[in-house]
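These are the residues of each chain, in order.
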Amino acid sequence: MPASSSNEPADAPSGFGTRAVHAGQQPDPSTGAVMTPIYQSSTYAQAAPGEHQGYEYSRVSNPTRTALEGNLAALEGAEHGIAFSSGVAGIDAIVKSLRPGDHIVATDDLYGGTYRLLEEVFEPLDIHTSFVDMSDPDAVEAAFTDDTQLLWVETPTNPLMRVVDIEALSERAHAHDITVAVDNTFATPYLQQPLDHGADMVLHSATKYLGGHSDLILGAVCTNSDEWAEKLRFQIKSTGAAPGPMDCFLALRGTKTLHLRMEQHCSSARRLAQMLNAHEKVGLVRYPGLPSHPGHALAQKQMSDYGGMISFELDDDDMDKALAILDAVEVFTLAESLGGVESLIEHPASMTHASIPAKERRKIGLTDSLIRLSVGVESFDDLQDDLDRALRQV
Ligand SMILES: *Cc1c(COP(=O)(O)O)cnc(C)c1O
């Protein structure tokens, strides 16, 4: 498993499921072990100074990580996959590759940790971000300045589930020589492959659907750009944002069933969204699979299904009632995060998005009763009954 051939060409194995199970991996050459071993080693023996088998030190590269990187690249149809110690470490590495004075245009409705990183870490370092509603490509283009270097897209957005047109925005950004990065954590490559729609980089929190079992923290960037791949590997080597081999192994085990899990996440989420949409206690339901969703047609074009995330408001937008529902559910677990086999429920205004100031939250429509669901793979009837009972109780 030489380090140089880390990422197999994306077109080698064909179907998604085949790539999910096999890409980046081969039986271990020394033992025949079918599963990629956890190479729990920091360093590698050299035959003579500088004479090694592709690995020198595990901050730079590690065979378990190499296998995962090849797998993730193949799933996104990318030339390069680069794994990080977390999703935000991947975002950090991308932004750190910019220079003081550079400007970023980012989705105004995005992962709370991304907002915190851009506002509280990079703003003081003279890297500035404008947050804009990306459902209007003209508004995005109007936010570009001479210093804009990066367009940061999240779609579907978190937690408002808006759908952003990757292709339209990539065209506009590229006309201004701006790099386009898409946080594909919610959709996963099974439902959406941003590089096919013109994006330059894809960011993943593999902590979520790719890992799929809520048992690891890991991030990844996939890209066809040799230049960006080199910059990001340089960042990992220099700043130490490398994932450990055990986490890489767990992520690899997760991606093998990504296609199976996503089918179930999508089918249960679609049915739950319909149930909520018809429920008397519920106000607006935000799920791109509902024909009433403003981004439905775009989601149909850009995604192969609508994912496992749903947000909804109560009919009277009462925050206390929202909190009472979180307390009343039994199958759903009250927790941050998403994308695991277990169903989670949370309250963005006081949990995941509390780092966004209340004024900003109100501006984008993140209301006080908004509840976010990560629909797991439990039996559908149990999920439906649980929510229905909790809603009736308040
Ligand atoms: C969780 C998440 C991240 C951050 O990933 P970590 O692995 O927690 O660092 C980034 N973007 C989105 C959309 C996420 O859900």
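Residues numbered from 1 in each chain as written. Predicted model: local features only at pLDDT ≥ 70, side-chain atom pairs only at ≥ 80, totals over all residues. Heavy atoms only, no water.

1. Details of the site of the ligand
- What surrounds the ligand is the set Ser86, Gly87, Val88, Tyr111, Glu154, Asp183, Thr185, Ser205, Thr207, Lys208, Leu218 and Leu338.
- Separating a nitrogen atom of the ligand from a side-chain N or O atom of Asp183 is a distance of 2.6 Å.
- Ser205 is positioned with one of its side-chain polar atoms (N or O) 2.8 Å from an oxygen atom of the ligand.
- A total of 370 Å² of accessible area belongs to the ligand in isolation, and the protein chains cover 95% of it.
- Looking at the shell around the ligand, its residues break down into 4 nonpolar, 5 polar and 3 charged. (Near = heavy atom within 4 Å. Polar contact = N/O pair within 3.5 Å; in protein donor to acceptor, adjacent residues only side chain to side chain. Areas by Shrake-Rupley, 256 points an atom, 1.4 Å probe, with all protein chains shown as cover. Nonpolar A, V, L, I, M, F, W, Y, C, P; charged D, E, K, R; others polar.)

2. A look at the side chain of Thr157
- If you trace the backbone, Thr157 turns up in the loop between β4 (148-154) and α6 (166-175).
- One polar contact links the side chain of Thr157 to the main-chain amide nitrogen of Arg162, over a distance of 2.8 Å.
- Discounting chain neighbours no more than four positions away, the residues touching Thr157 are Thr107, Asp109, Arg162, Val164 and Phe186. (Helix = DSSP H or I, 4+ residues; strand = E, 2+ residues; numbered from the N terminus. Contact = heavy atoms within 4.5 Å.)

3. Quick word on helix α3 (residues 87-96)
- Counting buried positions over the 10 residues of α3 gives 8, a clear majority of the element.
- Among all positions in α3, only Gly87, Ala89, Gly90, Ile91, Asp92, Ala93, Ile94 and Val95 are buried. (Buried < 20%, exposed > 50% of the residue type's maximum accessible area, 1.4 Å probe, protein only.)

4. As for the packing of helix α10 (residues 258-277) against helix α14 (residues 380-393)
- At their nearest, the axes of α10 and α14 sit 10 Å apart, and the two run at 25 degrees to each other. The angle between α10 and α14 falls in the class roughly parallel. At the point where α10 passes α14, the crossing takes the right-handed sense. Packed against α10, whose contacting residues are Ser268, Arg271, Leu272, Met275 and Leu276, the element α14 presents Phe380, Leu383, Gln384, Leu387, Asp388 and Leu391 at the interface. (Axes fitted to C-alpha atoms, helices over the stretch in contact; angles between N-to-C directions. Parallel < 35°, antiparallel > 145°, perpendicular 65-115°, else oblique. Left-handed = near helix turned anticlockwise from the far one by under 90°.)

5. Looking at empty space enclosed by the protein
- In this structure the tally under the stated criterion is 2 cavities of 30 Å³ or more.
- What the largest cavity holds in volume is close to 50 Å³.
- Surrounding the largest cavity, Asp108, Tyr115, Phe131, Ile356, Glu360 and Ile364 form its lining.
- When its residues are assigned to classes, the lining of the largest cavity shows 4 nonpolar, no polar and 2 charged.
- Two domains share the lining of the largest cavity, each providing at least three of its residues, namely domain 1 (16-255) and domain 2 (258-393).
- Considered as a void within the structure, the second largest cavity measures approximately 30 Å³ in volume.
- In terms of lining, the second largest cavity is formed by Pro156, Met161, Phe186, Ala187, Met303, Tyr306, Gly307, Gly308 and Met309.
- The residue inventory of the lining of the second largest cavity, partitioned by class, reads 7 nonpolar, 2 polar and no charged. (1 Å grid on protein atoms, 1.4 Å probe; cavity = no way out; pocket = protein on both sides within 12 Å on 5 of 7 lines; lining within 4 Å. Points joined across faces, edges and corners; volume = space filled by probe spheres on them. Domains from an automatic or database assignment.)

6. A look at the sheet that holds strand β11 (residues 344-346)
- Strand order in the open sheet made by the 5 strands is β8-β9-β12-β11-β10, with mixed pairing throughout. Edge strands, defined here as strands with exactly one partner in the open sheet, are β8 (282-286) and β10 (333-334).
- Strand direction decides the pairing type here: β8 and strand β9 (residues 309-314), joined by 3 bridges, are antiparallel. When the sheet's bridge partners are listed, Val282 is paired in β9 with Leu314.
- With respect to the sheet, α10 is in contact with β8, β9 and β12 (371-374), its orientation differing from that of β9 by roughly 10 degrees. (Pairing = 2+ DSSP bridges.)

7. Section: the nonpolar core
- Leu272, Leu276, Ile310, Phe312, Ile345, Leu373 and Leu387 are the most contacted members of the largest nonpolar core, which totals 62 residues.
- The biggest single contributor to this core is α10, with 8 residues.
- Looking at which domains feed residues into this core, each of domain 1 (16-255) and domain 2 (258-393) supplies at least three.
- Here Ile345 is in contact with Ile325, Leu326, Val329, Phe332, Thr333, Leu334, Ala335, Ile371, Arg372, Leu373 and Leu387, once residues within four sequence places are set aside. (Core = buried A, V, L, I, M, F, W, Y, C linked by side-chain atoms within 4.5 Å.)

8. Focus: the packing of aromatic side chains
- One pass over the full model with this rule turns up 4 aromatic pairs.
- Aromatic pair Tyr115 and Phe131: ring centres 4.9 Å apart, planes at 40 degrees, arrangement tilted. Here the residue Tyr115 occupies a position in helix α4 (residues 112-122), and Phe131 occupies one in strand β3 (residues 128-132), the gap between them amounting to 16 residues.
- Looking at Tyr115, the relative accessible area reads 9%, which means it is buried.
- Here the aromatic rings of Tyr287 and Tyr306 are separated by 6.5 Å at their centres, their planes lie at 70 degrees, and the arrangement is edge-to-face. (Phe/Tyr/Trp six-rings, centres within 6.5 Å; stacked < 30°, edge-to-face > 60°.)

9. Things to note about the layout of surface pockets
- In this model, the largest pocket occupies a volume close to 390 Å³.
- Taken together, 26 residues make up the lining of the largest pocket; nearest its centre are Val88, Tyr111, Gly113, Ser205 and Lys208.
- Breaking the lining of the largest pocket down by element, the ones donating at least two residues are α3, α4 and β6 (201-205).
- Taken together, the residues that form the lining of the largest pocket break down as 9 nonpolar, 11 polar and 6 charged.

10. Looking at the confidence of the model for the chain
- Here the chain shows a mean pLDDT of 95. Residues at 70 or above account for 97%.
- Residue range residues 1-10 is modelled with pLDDT below 50. Its contacts to residues more than four positions away, or to other chains, number 24 contacts. (pLDDT = per-residue confidence, 0-100.)

11. Concerning the domain arrangement of the chain
- According to the domain assignment, the chain contains domain 1 (16-255) and domain 2 (258-393).
- With 40 residues of domain 1 at the contact, the number on the domain 2 side is 42 residues.
- Both sides together, the interface formed by domain 1 and domain 2 hides about 3300 Å², and carbon and sulfur atoms give 62% of it.
- Linking domain 1 with domain 2 are 1 salt bridge.
- Taking the shortest distance from any N to any O, the salt bridge between Lys301 and Asp165 comes out at 3.7 Å.
- Taken together, domain 1 and domain 2 are joined by 20 residue pairs in polar contact (both at pLDDT 80 or more).
- Elements with a minimum of two residues in the side of domain 1 that touches domain 2: α1 (16-22), α4, α6, α7 (188-191) and α9 (245-255). (Buried area = accessible area lost by both parts, 1.4 Å probe. Salt bridge = Lys/Arg side-chain N within 4 Å of Asp/Glu carboxyl O.)

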